[in-house]
Amino acid sequence: MPYEWLPPETPDGPKVLHLWPYRSLPRRGFVVFIGITCGLLFLPLIAVLGSPILWGLLPFLVGVVALTWVMIERSYKDGSILEELRLTHDEVTLTRHNPRAPRQNWSANPYWVSVEMHPRGGPVEQYLTLRGSGREVEIGAFLTPDERLTLRDELQQELFAVKTQGPPAL
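The rules behind these values
Residues numbered from 1 in each chain as written. Predicted model: local features only at pLDDT ≥ 70, side-chain atom pairs only at ≥ 80, totals over all residues. Heavy atoms only, no water. Helix = DSSP H or I, 4+ residues; strand = E, 2+ residues; numbered from the N terminus. Expected span 1.5 Å × (residues − 1). Contact = heavy atoms within 4.5 Å. Phe/Tyr/Trp six-rings, centres within 6.5 Å; stacked < 30°, edge-to-face > 60°. Buried < 20%, exposed > 50% of the residue type's maximum accessible area, 1.4 Å probe, protein only. Lys NZ or Arg CZ within 6 Å of the ring centre and 35° of its normal. Core = buried A, V, L, I, M, F, W, Y, C linked by side-chain atoms within 4.5 Å. Salt bridge = Lys/Arg side-chain N within 4 Å of Asp/Glu carboxyl O. Polar contact = N/O pair within 3.5 Å; in protein donor to acceptor, adjacent residues only side chain to side chain.

Q: An account of helix 3 (residues 145-165) is requested, with residue identities and associated values reported.
A: Spanning 21 residues, helix 3 covers 30 Å between terminal C-alpha atoms, matching the ideal 30 Å at 1.5 Å per step. Contacts from the buried residues of helix 3 go to strand 1 (3-6), strand 2 (15-19), strand 3 (82-87), strand 4 (92-97), strand 6 (114-118) and strand 7 (127-132).

Written out as structure tokens, the structure is:
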């Protein structure tokens, strides 16, 4: 699952959930892909070694590899989204760290927060939102529909636990 609940730093510490988009091509796979691409693109150049045709083809092949590299790096940058949900007894905070936009924050009292699932009509199937403090915010829009269903159940359990435990005794 492209999300995880982090263990609390202290017994009374907040419960923290990190969500991120799935990466189908890890960095090691990226290196292998670029290496194989270079090999397959430059293999036909063996036949034209030592001729002026090599110098006519070489800039285009280098350009293809460079453009592929740049576009995959751009994809990595776009996928560096991180959503962080913090649950405490007196506040629920959702922070979205965007790659090329300012950070987005939302907070509400956990007693009034509800987890909403919109099976249809949202931007994605099984659209998952949190409602509270007069606002409704999306969470995990980059997850698959099955992952959002599982996340909804986990969020409801965690919110119920926070609501029923009450604030820690002083």
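What follows continues from the structure just given.
Q: I'd love a proper account of the packing of aromatic side chains, names of residues and values included.
A: Per the stated rule, a full pass over the model turns up 3 aromatic pairs. A centroid spacing of 5.1 Å and a plane angle of 70° characterise the contact between Phe-30 and Trp-69, whose relative ring orientation is edge-to-face. Taken together, the residues Phe-30 in helix 1 (residues 27-42) and Trp-69 in helix 2 (residues 52-78) connect sequence positions 39 residues apart. Taking the relative accessible area as the measure of exposure, Trp-69 reaches 43% and is therefore partly exposed. Look at Phe-30 and Tyr-76: their rings are 5.9 Å apart centre to centre, the planes differ by 85°, and that puts the pair in the edge-to-face class. Of this pair, Phe-30 sits in helix 1 while Tyr-76 sits in helix 2, and the two are 46 residues apart along the sequence. We classify Phe-30 as buried; its relative accessible area is 4%. Sitting over the ring of Tyr-76, Arg-27 keeps its end group 4.0 Å from the ring centre.

Q: Summarise the nonpolar core; cite the residues concerned and give the values.
A: Core analysis: the largest hydrophobic core is formed by 21 residues, its most contacted members being Leu-85, Trp-106, Leu-130, Ile-139, Leu-151 and Leu-155. Per-element tally for this core: the top contributor is helix 3, with 4 residues. In this view, Leu-155 contacts Trp-5, Leu-17, Leu-85, Val-115, Leu-128, Leu-130 and Ile-139; residues no more than four positions away in its chain are not counted.

Q: An account of the pattern of salt bridges is requested, with residue identities and associated values reported.
A: One pass over the full model with this rule turns up 9 salt bridges. Close ionic contact of Glu-158 with Lys-15 constitutes a salt bridge, the shortest N to O distance being 2.8 Å. Remark: Lys-15 occurs in strand 2 and Glu-158 occurs in helix 3; sequence separation between them is 143 residues. With a shortest N-O distance of 3.0 Å, Glu-136 and Arg-131 are connected by a salt bridge. When its relative accessible area of 36% is taken as the criterion, Glu-136 is described as partly exposed. Using a relative accessible area of 38% as the deciding quantity, one classes Arg-131 as partly exposed.

Q: Could you give an account of the environment of Asn-105, with specific residues and numbers?
A: By the element assignment, Asn-105 lies in strand 5 (residues 104-108). Here Asn-105 is in contact with Leu-94, Thr-95 and Arg-135, once residues within four sequence places are set aside. For Asn-105, the side chain forms a polar contact with the side chain of Thr-95, separated by 3.0 Å.

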